[in-house]
Amino acid sequence: MLIKKTNRWTLKENEATPESIYKQRRDILKKLGIAVVGMPLASNAQAGIFDLFTDDKPTTSVDLRKPLITTPSAKYHPDLSLTPEDKVLQYNNFYEFGTAKSDPARLATNFKTDPWTVKIDGLVNKSITLGYEDIFKKFTLEERIYRLRCVEAWSMNVPWIGFSLADLIKMADPKSSAKYVAFETLFDPEQMPGQASRRIGGGIDYPYVEGLRLDEAMNPLALISVGLYGKTLAPQNGAPLRLVVPWKYGFKSIKSIVRITLTDKEPPTTWNRLAASEYGFYANVNPRVDHPRWSQASERFIGEGNLFSSRRQPTLMFNGYEKEVGHLYKGMDLRKQY
């Protein structure tokens, strides 16, 4: 595969996805999917640094994801080196299903996402509730290749499928007093063992909640994802719909969303509640602001080979999206408002 040297989102040629893998991704849209190997995933930020250097053995599972027909986004489809699909499916943080990297794919196998509804309410002129199928009728899906940067200092490049969060918010017609957007994950301890046990779920108070400023949520990059690699989301990746905010650390991209509320006050966020000194509300990727316990100047890109062979690369300001989002933080002290 040829890499365009002029593309500012492009990685080095020696980090490029092998041609065979790239062609497989392209064939997804034509052949409506390929076989998937599923395995475990997850870890908390404290244990995560150790887990980064473990190489869990995958366990075979049945791929129940449905093929999606979509087209690559003309604007958000750079020639980035893709993380292999099996690693995206096998290496996750989703504490509702456990805190080890191997937990979510194993424990979320029977997670039921049908029926599913998401409610948009709060400071809006039109509160709405959408069923999962409504999303496919009301929004045009596209494939966007985004960088994903975890606060644990590892990264992936993922071909997400979804639509702009702004389109969903506009449908609810926000009031002028709305300043923030709050998100909430499903609370179902019977299906999510991490919610039923503080030991399994890392001591988090559930349901998981997140938030953005309204102008951040309305930025074209903010995505509601319903799939990846040509198919619907796997449970461990946040099925049936999740947020993807590529210029922020991954924990901001809340999974399995059931409620979106517009408000005039900064909403609480799960990791800020748990450790405010380590996880701020903004959580913008910033190589110049370290985590209290490790550097954020570089990251381990998860690509081909096993986890030990993944390459390190410099971390980019706003994860490489400074041109698109830098203006949102003009005049802010990003060391204090981290």
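Every chain is numbered independently, its residues counted from 1 as its sequence is written. Only residues with pLDDT of at least 70 get local features here, since the model is predicted, and only at 80 or more are side-chain atom pairs given and counted; chain-wide, interface and lining totals rely on the full set of residues. Computation of side-chain values covers all heavy atoms of the structure but excludes hydrogens and water.

## Focus: the packing of aromatic side chains
Any pair of aromatic rings gets described here by the distance separating the centres and the angle formed by the planes. Just so we agree on the cut-off: Pairing of aromatic side chains here covers Phe, Tyr and the six-membered ring of Trp, requires ring centres within 6.5 Å, and sorts the geometry by plane angle: under 30 degrees stacked, over 60 edge-to-face, intermediate tilted. By the criteria applied, helices consist of DSSP H or I runs no shorter than four residues and strands consist of E runs no shorter than two, each listed in order from the N terminus. Exposure categories follow from relative accessible area, calculated using a 1.4 Å probe and restricted to protein chains: below 20% of the type maximum is buried, above 50% is exposed, and the middle band is partly exposed. Working rule: Lys NZ or Arg CZ, within 6 Å of ring centre, within 35 degrees of ring normal, means a charge sits over the ring.
Overall, the coordinates contain 15 aromatic pairs when judged by the stated rule. Aromatic side chains Phe97 and Phe111 sit 5.5 Å apart centroid to centroid with 75° between the ring planes, which places their arrangement in the edge-to-face category. Here Phe97 is found in the loop between α3 (85-90) and α4 (103-107), whereas its partner Phe111 is found in the loop between α4 and β2 (117-122), with 14 residues between them in sequence. Given a relative accessible area of 0%, Phe97 falls into the buried group. For Phe111, a relative accessible area of 8% corresponds to the buried category. Pairing Phe281 with Tyr282 gives two aromatic rings, centres 5.3 Å apart and planes at 90°, and the pair type is edge-to-face. The pair formed by Phe281 and Tyr282 is uniform in burial state, with each residue classed as buried. Taken together, the aromatic side chains of Tyr180, Phe281, Tyr282, Phe318 and Tyr329 make up a single cluster linked through ring pairs. The ring of Tyr91 has Lys101 sitting right over it, with the charged end atom 5.2 Å from the ring centre.

## Concerning the UniProt feature "binding site: Mo-molybdopterin" (unreviewed entry) in the protein
Definition in use: UniProt positions are given in the numbering used here, feature names are shortened, and annotations may be inferred rather than shown by experiment. A 1.4 Å probe that fits into a set of points on a 1 Å grid over the protein atoms alone but cannot get out defines a cavity; an open set with protein on both sides within 12 Å along at least five of seven lines defines a pocket, and lining residues are those with an atom within 4 Å of a point. By definition, residues are in contact when any of their heavy atoms lie within 4.5 Å.
Mapped onto this numbering, the UniProt entry annotates "binding site: Mo-molybdopterin" (unreviewed entry) at Asn92, Tyr95, Glu96, Cys150, Thr185, Asn237, Arg242, Ser253, Ile254 and Lys255. Those annotated residues from the list above that line the largest cavity are Asn92, Tyr95, Glu96, Cys150, Thr185, Asn237, Arg242, Ser253, Ile254 and Lys255. Here Glu96 is to be found in the loop between α3 and α4. Look past the residues within four positions of Glu96 in its chain and what remains in contact with it is Thr185, Met192, Pro193, Gly194, Gln195, Tyr206 and Tyr208.

## Here's the deal with the sheet that holds strand β6 (residues 180-185)
Hydrogen bonds between backbone atoms are what pair the strands of a sheet, whose relative direction is either parallel or antiparallel. Note the threshold: Two strands pair under a simple rule: DSSP has to find at least two bridges between them. Axes here refer to lines fitted to C-alpha atoms; in helices the fit is confined to the stretch in contact. Angles between the N-to-C directions go from 0 to 180 degrees.
Across the sheet, which stays open at both edges, the five strands sit in the order β3-β2-β11-β6-β7 with mixed pairing between neighbours. Both outer strands of the open sheet, β3 (128-131) and β7 (209-213), are each paired with one neighbouring strand and no more. For this sheet, the mean angle separating the axes of adjacent strands, direction not counted, is 15°. Relative to strand β11 (residues 257-263), β6 runs antiparallel, the two sharing six bridges. Bridge assignment links Tyr180 to a residue of β11, and that residue is Thr263.

## Things to note about empty space enclosed by the protein
What counts, and what does not: Grid points are joined across faces, edges and corners, and a volume is the space filled by probe spheres set on the points. Each residue gets one label: Ala, Val, Leu, Ile, Met, Phe, Trp, Tyr, Cys and Pro are nonpolar, Asp, Glu, Lys and Arg are charged, and the others, such as Gly, are polar.
One pass over the structure, following the stated rule, counts one cavity of 30 Å³ or more. Lining the largest cavity are 28 residues, and of these Asn93, Phe94, Gly250, Phe251 and Lys255 lie nearest its centre. Here the lining of the largest cavity takes four residues from strand β5 (residues 154-164), the largest share from any one element. Here the residues of the lining of the largest cavity are counted per class, giving 17 nonpolar, seven polar and four charged.

## What about the pattern of salt bridges?
Note the cut-off: The salt bridge criterion pairs a side-chain nitrogen of Lys or Arg with a carboxyl oxygen of Asp or Glu, the two atoms within 4 Å.
Applying the stated criterion across every chain, the model contains twelve salt bridges. For Asp121, the salt bridge goes to Arg259, with nearest N and O atoms at 2.7 Å. Remark: Arg259 occurs in strand β11 and Asp121 occurs in strand β2; sequence separation between them is 138 residues. Note on Asp121: relative accessible area 6%, which makes it buried. Asp205 is the salt-bridge partner of Arg198, the closest N and O atoms lying 3.0 Å from each other. Residue Arg198 shares its accessibility class with Asp205, and that shared class is exposed.

## Some thoughts on the pairing of β5
Of all eleven residues making up β5, eleven are buried, and the element is well covered by its neighbours. Count of turn residues in the strand β4 (residues 142-149)/β5 antiparallel hairpin: four residues, of which Ala153 carries a positive phi of about 75°. In this structure, β5 lies alongside strand β12 (residues 298-301), joined through two bridges in parallel fashion. Across the sheet, the residue bridging to Trp154 is Arg300, located in β12.

## A look at the layout of surface pockets
Taken as a whole, the second largest pocket holds about 250 Å³ of empty space. Lining the second largest pocket are 20 residues, with Tyr249, Glu278, Val289, Asp290 and Tyr338 sitting closest to its centre. Here the lining of the second largest pocket is composed, by residue class, of ten nonpolar, seven polar and three charged.

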